[in-house]
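# A look at the structure
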Amino acid sequence: MEIDPTRMCELLVGLPGVDVLGVAVPDPGWLIVHVAAREQRPNCARCGTPAWVKDYRDVDLVDLPAFDQRVVLRVTRTRWCCPATRCGVGSWTIEHTEIAPATQKLTTRAGRWATEQVGRYARSVAEVANALGTDWHTINDAVIAYGEALIDADTDRIGTVRALSLDETLFMREGPWRTQRWSTQLVDARTGQLLDIVEGRDATAPAVWLDARDPQWLAGIRWAVMDMSGPYKAVFDTMLPDAEQVIDPFHVVKHANSKLDECRRRVQNETLGHRGHKHDPLYRCRKLLLKAEERLDPAGGVKLTGLLRAGDPRGEVAYAWHAKEAVRFLYDIPRPDLAARYLAELAADLQDNDFPIEVRSLGRTLARWRVEIVNWHRSRATNGPAEAINNLVKRVKRAAFGFRKFRHYRIRSLLYTGRPDWNLLPTITPR
Ligand SMILES: [Zn+2]
């Protein structure tokens, strides 16, 4: 197919409706493509007089690399003015969002590309900035602007949710005392889709978020999944009174492990009079203790037994270890009725006065939450996906060297694990 030579440059640059005015090579590996959008003379918006050209201005935009060179698109923009002396309208330019939105330093196609690289594939901002030959902030600003517009535009992103999970994540440490700042993620516990992230780990923000939902959507939620903390239970009690509450296995086992850890540290202190040192038997077995029994190889099992014999004279840590394993066994029981009976007996047994204080405390906690714990066997709704998201979010945070702004953290996490419809990206223009 023969191409009209006057259109060749336009086709190469891939932007319809622009004239290519020239190409320059300022440095090896760099290309400046000079273009101007074809504009018809506009009329003044106020008085209707045909406008005059006031002057021309060049704006440099970072574009996608081409032919193994980084590209700057130099756009000549016409500033128009009204010739009517008494009109008083200031000068204006015509916006061409197909080239670039007014406030962006990237071309539209480069902005969308950067958003997908960083948002969808979790490439680091620095890496993408380097690929385009620009700086970190330019890319980060573009990702947040296009990303937020994509999340907002994708109104079908959140579908029917049968099991909603709330889970806390540490989103940054701040200030000289490295103060922890927390966020709460709302996750579809069945599909693992991140629905949203809100600030704080108290009841306020999740309740506000739920309050903004359609009542019909809320009514579709049958299972409310959480950890064993009070705030999330309060959210579900008030906002989803008809949903059944579920504590996911991860948090139950985590709690049993923390009681085991507490017991080990107390016994360590009582027997040796100091906190664990690297040669102390109890300190040496701290990681073996937390390992699942079936993951201990024979050598690990022998080592654990030996270290406990040396450091645990009354067998208290061993009790706490058995208690943890007994809690884990709950999740090997498939039938809800059998699991309920097992849990009731276990919770009662662990509260026996012969057991160390930490084990009795574990028994009381299991008794208090036994309905919610066994609801997992009925629902099979799990925070597993939420935990998986936690790990993904950690990866996103590493790639971003930590987030300073909650808004950035939220958008990046939603782009990566919130399953936006990336097919909408070509239609997205940030405000
Ligand atoms: Zn005018």
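Use the structure listed above.
The model shown is predicted, which means the values in this text are computed figures rather than measured ones.

## Notes on the overall build of the protein chain
Counting secondary structure elements, the protein chain contains 17 helices and 9 strands. Structurally, the protein chain occupies a C-alpha span of about 95 × 50 × 50 Å along its principal axes. The burial tally for the protein chain puts 47% of its 431 residues in the buried class. A separation threshold of at least 6 residues defines the contact pool for the protein chain, and within that pool the share at least 24 residues apart is 61%. Carbon and sulfur atoms provide 52% of the accessible area of the protein chain, an area that totals close to 22,500 Å². For the protein chain, the distance from the average position of its 62 positive side-chain charges to the average position of its 55 negative side-chain charges is 4 Å.

## Details of the coordination of the zinc ion
Around the zinc ion, the donor atoms from the protein are Cys44 (SG), Cys47 (SG), Cys82 (SG) and Cys87 (SG), and they sit 2.2 to 2.3 Å away. One way to put it: the 4 donor atoms around the zinc ion meet at angles of 100 to 113°, and that makes the site tetrahedral. Donor residues binding the zinc ion come from one chain and are separated in sequence as C-x2-C-x34-C-x4-C. One end of the pair, Cys47, is in the loop between strand E2 (30–37) and strand E3 (52–66); the other, Cys82, is in the loop between strand E4 (69–81) and helix H2 (108–120), and 35 residues separate them in sequence.

## So, the pairing of E2
Burial analysis of E2 places 6 of its 8 residues in the buried class, which makes it a mostly covered element. Relative to E2, strand E1 (residues 18–24) is paired through 6 bridges, and the arrangement is antiparallel. Of the residues in E2, the one forming a bridge with Val23 is Val33. Summarising the sheet, E2 and E4 pair through 7 bridges and their orientation is parallel. Opposite His34, over in E4, you have Arg74 as the bridge partner.

## Some thoughts on the sheet that holds E1
What the 4 strands build is an open sheet, ordered E1-E2-E4-E3; its pairing is mixed. Edge positions in the sheet fall to E1 and E3, since each has one partner strand and no second. Strand after strand, the sheet turns through a mean of 25° between neighbouring axes, direction not considered. Across the sheet, helix H3 (residues 125–132) is in contact with E2, E3 and E4; its angle to E3 comes to roughly 115°.

## Digging into helix H17 (residues 406–417)
Its 12 residues place the ends of H17 16 Å apart at the C-alpha level, agreeing with the 16 Å of an ideal helix rising 1.5 Å per residue. Among the 12 residues of H17, 11 are classified as buried, and the element is accordingly described as predominantly covered. When H17 is considered as a whole, its buried residues turn out to be Phe406, His408, Tyr409, Arg410, Ile411, Arg412, Ser413, Leu414, Leu415, Tyr416 and Thr417. Just downstream of H17 lies Arg419, where phi reads positive at about 50°.

Cut-offs used in this document
- Residues numbered from 1 in each chain as written.
- Predicted model: local features only at pLDDT ≥ 70, side-chain atom pairs only at ≥ 80, totals over all residues.
- Heavy atoms only, no water.
- Helix = DSSP H or I, 4+ residues; strand = E, 2+ residues; numbered from the N terminus.
- Buried < 20%, exposed > 50% of the residue type's maximum accessible area, 1.4 Å probe, protein only.
- Contact = heavy atoms within 4.5 Å.
- Areas by Shrake-Rupley, 256 points an atom, 1.4 Å probe, with all protein chains shown as cover.
- Lys, Arg positive; Asp, Glu negative; His and termini not counted.
- Charge placed at Lys NZ, Arg CZ, Asp CG, Glu CD.
- Donors = N, O, S within 2.8 Å, 3.2 Å for Na, K, Ca; no water.
- Tetrahedral: all angles 85-135°; square planar, octahedral: opposite > 155°, others 65-115°.
- Pairing = 2+ DSSP bridges.
- Axes fitted to C-alpha atoms, helices over the stretch in contact; angles between N-to-C directions.
- Expected span 1.5 Å × (residues − 1).

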